[in-house]
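Next come the chains, spelled out residue by residue.
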Amino acid sequence: MKPDVAIVGAGYVGMPLARVFADAGKNVVLIDVNAGVVDGINSGESHIDDVPSGELKKLVDGGRLSATTDYDAIKGADAILIALPTPLSSQREPDLSIVRAAVEEIASRLSKEQLVVLESTTYPGTTREEVKPILEERSGLEAGADFHLAFSPERVDPGRKDWTTRNTPKLVGGLTPACTERAAELYRGAVETVIPISSPEAAELTKLLENVFRAVNIALVNELAQLCERMDLDVWEIVEAAETKPFGFMSFKPGPGLGGHCIPIDPFYLTWKAREYDFYTEFIELAGKINANMPYFCRSLISQALNHGAQKSLKGSQILVLGVSYKADVDDVRESPAEKVIRLLHKAGAEVAYHDPHVPEFDGLRSAEYAPEQYDCCVVVTAHSAIDYADLIERAQLVVDLRNATGSNGTGSEKVWKL
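Given the structure is predicted, the values throughout are model-derived calculations rather than measurements.

*Asks:* It is not clear to me how the overall build of the chain should be interpreted in this structure. Could you clarify?
*Replies:* Along the chain, the regular secondary structure elements total 13 helices and 15 strands. For the chain, the C-alpha radius of gyration of 23 Å lies close to 22 Å, the compact-globule estimate for 419 residues. C-alpha atoms of the chain, sized along the principal axes, occupy 70 × 50 × 40 Å. Going through the 419 residues of the chain one by one, you find that 52% of them count as buried. Intrachain contacts of the chain at a sequence separation of at least 6 include 67% that bridge at least 24 residues. Averaging the locations of the 42 positively and 62 negatively charged side chains of the chain gives two centres separated by 1 Å.

Below, the structure written as structure tokens:
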């Protein structure tokens, strides 16, 4: 059966996207290089928590959704959506190699009247300056005349139930007004709200602004947390007190560092692009420095807690890290600050284990049994709701709480040290 929508990338963006189109009655094919993932999808087994296996299996069994490693599947599809990672290189510069490779494959199979939409977060100009030339050169077709091209940024927040791919407003910026309308028409058939904007560049920069906003504000409270430690003040009390103002304040929480694919990476796509215009995004760079320093600050806090709370050195101490996913109650470990914290503790000579009910394996380790009383110190890096924090305080010898998971119980306990 000819697919209505082909989605390149069966990850945290592509899978929920495929689900909403299939739920809307479209025939969807997912294309992914991972044969194991493809086989799992075709068996109705989901590797993404936001798409439960039971719901996936219904769509697969009903013939609405399938997966393949073969790019030939895009032939005849009305629309081709690209939902692939856009990481940073080792030099902290944009790495579009995964997207470029996919666009090469699409270009050699592109036909007239097809719609191509890039969803991957990237710098302004990518759709026009990178994707368009490859598609045109390899296909012999002209964007905006022979086929449609647009950018529509993903807005996925893994694990979130109130705002999903279906009801989160969808931005669309096309190469031409006709491209914008064609893309908007496609998404209107599956998501509740579609917002056309003037160009791909406007859509690309809007997505970066959303993530820069979070990165900068998290840096502010992270810096405040470091100051509060010197002033012997409780940063959590102060942030919660500020939340009582009904206007002019938006709450952000400090933590051991940034995680997820977006916030630790995307601001540097803008920083890199800005240099092309002899412009230096100093605010973003400063926020990046503050956030990148948090794992080091947290290591020092753990060392201080052991020294004063247990009269022990970090070297040789048995430490249990609680939570390694980048946010609570998900299995997503992309860019998780837990990786840096664990490596810093190892480097300092500590013996480190971790426990995470959502992540069975992480950075060469396996999740340990939950036995806080067996460790010199338990460090809350990610505040999963499955953990009983009152019980943790009762059983643990020492707790370093980097997420305020222990709440008022932790504030009143001599065994608990908070960020």
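*Asks:* Help me understand the pairing of strand β5 (residues 115-118), please; the structure alone is not making it clear to me.
*Replies:* Side-chain direction in a regular strand flips from residue to residue, so the side chains alternate between the two faces of the sheet. The side-chain alternation of β5 yields two buried faces, one formed by L115 and V117 and the other by V116 and L118. When strand β4 (residues 79-82) meets β5, the two strands line up parallel, connected through four bridges. By the bridge assignment for β5, I82 is matched with L118. Bridging between β5 and strand β6 (residues 148-151) involves four bridges; their strand directions are parallel. Bridging across to β6, L115 finds its partner in H148. Considered for its hand, the β-α-β crossover made up of β5, helix α5 (residues 126-139) and β6 is right-handed.

*Asks:* Just to check I follow, could you spell out a nonpolar patch on the surface for this structure?
*Replies:* A cluster of nonpolar side chains, namely L227, M231, L233 and I238, defines an oily patch on the protein surface of about 350 Å² accessible area. Assignment of secondary structure puts M231 in helix α7 (residues 200-231).

*Asks:* Just to check I follow, could you spell out the nonpolar core for this structure?
*Replies:* Soluble, globular proteins show a tendency: their nonpolar side chains are buried together. Counting residues in each nonpolar core, the largest one holds 39 residues, and the members touching the most others are I302, I319, L345 and L419. Of the residues forming this core, the biggest block, seven residues, is contributed by helix α10 (residues 282-309). Apart from residues no more than four positions distant in its own chain, L419 is found in contact with A225, V235, W236, P254, G255, M294, F297, C298, L301, D401 and L402. In this structure, V37, V51, L65 and A79 belong to the second largest nonpolar core, which totals 37 residues.

*Asks:* I keep staring at the packing of helix α9 (residues 266-274) against α10 and nothing clicks. Help me out?
*Replies:* When two helices pack together, you describe them by how their axes are tilted relative to each other and by the distance separating the axes. Interhelical geometry of α9 versus α10 gives an angle of 140° and a closest axis separation of 10 Å. Like other packed secondary-structure pairs, α9 and α10 cross with a definite hand, here left-handed. Across from P267, F268, L270 and T271 in α9, the residues of α10 making contact are I284, E285 and G288.

*Asks:* Explain the side chain of D401 to me, please; I cannot follow it from the model alone.
*Replies:* With respect to the element layout, D401 can be found in strand β14 (residues 399-401). Of note is the side chain of D401, whose polar atom sits 2.8 Å from the backbone nitrogen of A405. Those residues in contact with D401, other than ones at most four positions away along the chain, are V380, T406, G407, V416, W417, K418 and L419.

*Asks:* What am I meant to see in the pattern of salt bridges here?
*Replies:* Considering all chains together, one arrives at 29 salt bridges under this definition. The partner of R155 in a salt bridge is E210, with the nearest N and O atoms 2.5 Å apart. Remark: E210 occurs in helix α7 and R155 occurs in the loop between β6 and β7 (170-174); sequence separation between them is 55 residues. Using a relative accessible area of 28% as the deciding quantity, one classes R155 as partly exposed. With its nearest N and O atoms 2.6 Å apart, the salt bridge here joins R160 to D162.

*Asks:* What's the story with the packing of aromatic side chains in this structure? I'm lost.
*Replies:* Each aromatic ring pair is characterised by the separation of its centres together with the angle its planes make. According to the stated counting rule, one finds five aromatic pairs in the structure shown. Ring plane angle 70° and centroid distance 5.6 Å describe the contact between F213 and F252, whose orientation is recorded as edge-to-face. On the criterion of sequence distance, the pair formed by F213 in helix α7 and F252 in the loop between α8 (235-242) and α9 is long-range, its members being 39 residues apart. Given a relative accessible area of 38%, F213 falls into the partly exposed group. When its relative accessible area of 8% is taken as the criterion, F252 is described as buried. An aromatic cluster is present here, built from Y123, Y269 and W272 joined pairwise through their rings.

*Asks:* Got a minute to help me understand the sheet that holds strand β9 (residues 318-322) in this structure?
*Replies:* Each strand in a sheet pairs with its neighbour through backbone hydrogen bonds, running either in the same direction (parallel) or in the opposite one (antiparallel). Strand order in this open sheet of five strands is β10-β9-β13-β14-β15, and the pairing throughout is parallel. Among the strands making up the open sheet, the edge pair consists of β10 (351-355) and β15 (416-418). In this sheet, adjacent strand axes meet at a mean angle of 20° when their direction is disregarded. With three bridges joining them, β14 and β15 adopt parallel strand pairing. Within β15, the position partnered with V399 by the bridge is V416. Each of β9, β13 (377-380), β14 and β15 is contacted by α10, which is oriented at about 150° to β15, the strand it contacts most.

Procedures and definitions
Residues numbered from 1 in each chain as written. Predicted model: local features only at pLDDT ≥ 70, side-chain atom pairs only at ≥ 80, totals over all residues. Heavy atoms only, no water. Helix = DSSP H or I, 4+ residues; strand = E, 2+ residues; numbered from the N terminus. Rg over C-alpha atoms; globule rule 2.2 N^0.38 Å. Buried < 20%, exposed > 50% of the residue type's maximum accessible area, 1.4 Å probe, protein only. Contact = heavy atoms within 4.5 Å. Lys, Arg positive; Asp, Glu negative; His and termini not counted. Charge placed at Lys NZ, Arg CZ, Asp CG, Glu CD. Pairing = 2+ DSSP bridges. Right-handed = clockwise from strand over helix to strand, strands pointing away. Patch = residues over 30% accessible without salt bridge, like charges linked within 9 Å, V, L, I, M, F, W, Y side chains within 5 Å. Areas by Shrake-Rupley, 256 points an atom, 1.4 Å probe, with all protein chains shown as cover. Salt bridge = Lys/Arg side-chain N within 4 Å of Asp/Glu carboxyl O. Core = buried A, V, L, I, M, F, W, Y, C linked by side-chain atoms within 4.5 Å. Axes fitted to C-alpha atoms, helices over the stretch in contact; angles between N-to-C directions. Left-handed = near helix turned anticlockwise from the far one by under 90°. Polar contact = N/O pair within 3.5 Å; in protein donor to acceptor, adjacent residues only side chain to side chain. Phe/Tyr/Trp six-rings, centres within 6.5 Å; stacked < 30°, edge-to-face > 60°.

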